[in-house]
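Here's the letter readout for the chains.
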Amino acid sequence: MSTIMTSAAATSTIDGTAATGDLATTKGPTAHEDLVAAAGPAAEELARAANDLLSPTDEPATTPPRPDWPRLIEAVKDSGQYTTTKEAERVTRLVLSTLGGHVVGDERVELARRLPEEAARLIASQIPVTCPLTAPEFVDSVAARIEGATPATARWDVSAVLSALPELIGDGLTSRLLAQLPTGYALLFGKADLLTRAA
């Protein structure tokens, strides 16, 4: 059975209108092959990442145990000083779904495996973008999805989520993620941006 994750389903959970189980849509082998063939390489990577995530794997002994969803939400709640768990959860879903399109390759799969399964589905359900947004553009894209948000409040929300990740996924993977992203993301992850990239 092939499982394909859809961006639309991931977006629906951000407002809390759909359950986690709705993120996976089961297709028969013929439907899956037709969809991948029609959508091209981006769909192939999306399907591969989703299947890798949901299939049992032999992970190295050094891989930290997968945290649970409440632990991630509590970390975001503390980081962002949110008054309610519901608010922290809403922001977490929104930021992770936006981040999901910006992480590719082995780092994308490893990130999904080190996060709670619900968060991993948000990451794996996004089709990778062809041109990553700059850090300010990333913040603006989040602001556009939050009613009444300003660049300042959106930056706070993004930083609250991303700065909670290094403790859960480890500094090594965090550094590899930052190496994929344009300059400026390190500060959103709560790290000093020491990398200088060629223009």
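The preceding data block contains the structure.
Here the structure is a predicted model, which is why all the values come from computation and not from measurement.

(A) Molecular detail of the packing of helix H5 (residues 85-100) against helix H9 (residues 151-162). Packing of H5 against H9 leaves a shortest axis separation of 9 Å and a crossing angle of 80°. In terms of orientation, H5 lies roughly perpendicular with respect to H9. Here H5 contributes Val-91, Thr-92, Val-95, Leu-96 and Leu-99 to the contact with H9, which in turn contributes Asp-157, Val-158, Val-161 and Leu-162. Taken together, the residues that form the contact of H5 with H9 break down as seven nonpolar, one polar and one charged.

(B) View of the nonpolar core. One finds Leu-96, Leu-99, Leu-111 and Leu-165 to be the most contacted residues of the largest nonpolar core, which totals 40 residues. Among the elements that line this core, the one with the most residues is H5, at six residues. If near-sequence neighbours (up to four positions away) are discounted, Leu-165 is found in contact with Leu-72, Leu-96, Leu-99, Leu-115, Gly-170 and Phe-189.

(C) Representation of the packing of aromatic side chains within the structure. A full pass over the atoms with the stated rule returns one aromatic pair. When the ring of Phe-138 is compared with that of Tyr-185, the centres are 5.5 Å apart and the planes differ by 70°; the resulting orientation is edge-to-face. One end of the pair, Phe-138, is in helix H8 (residues 135-143); the other, Tyr-185, is in helix H12 (residues 185-188), with 47 residues separating them in the sequence. We note that Phe-138, like Tyr-185, is buried.

(D) How the structure looks around the pattern of salt bridges. Taken as a whole and assessed by the stated rule, the structure comprises seven salt bridges. For Arg-114, the salt bridge identified is with Glu-110, shortest N-O distance 2.3 Å. Remark: Glu-110 and Arg-114 occur in helix H6 (residues 105-114); sequence separation between them is four residues, near one turn of the helix. When its relative accessible area of 13% is taken as the criterion, Arg-114 is described as buried. One salt bridge connects Arg-121 with Glu-117, and the closest N-O pair in it is separated by 3.0 Å. Here Arg-121 and its partner Glu-117 are both found in helix H7 (residues 117-124), four residues apart, which amounts to about one turn of the helix. The class of Arg-121 is buried, set by a relative accessible area of 14%. For Glu-117, a relative accessible area of 42% translates into the label partly exposed. Look at the salt bridges and you will find they share partners, linking Glu-107, Glu-110, Arg-114 and Arg-176 into a network.

Thresholds applied
Residues numbered from 1 in each chain as written. Predicted model: local features only at pLDDT ≥ 70, side-chain atom pairs only at ≥ 80, totals over all residues. Heavy atoms only, no water. Axes fitted to C-alpha atoms, helices over the stretch in contact; angles between N-to-C directions. Helix = DSSP H or I, 4+ residues; strand = E, 2+ residues; numbered from the N terminus. Parallel < 35°, antiparallel > 145°, perpendicular 65-115°, else oblique. Contact = heavy atoms within 4.5 Å. Nonpolar A, V, L, I, M, F, W, Y, C, P; charged D, E, K, R; others polar. Core = buried A, V, L, I, M, F, W, Y, C linked by side-chain atoms within 4.5 Å. Buried < 20%, exposed > 50% of the residue type's maximum accessible area, 1.4 Å probe, protein only. Phe/Tyr/Trp six-rings, centres within 6.5 Å; stacked < 30°, edge-to-face > 60°. Salt bridge = Lys/Arg side-chain N within 4 Å of Asp/Glu carboxyl O.

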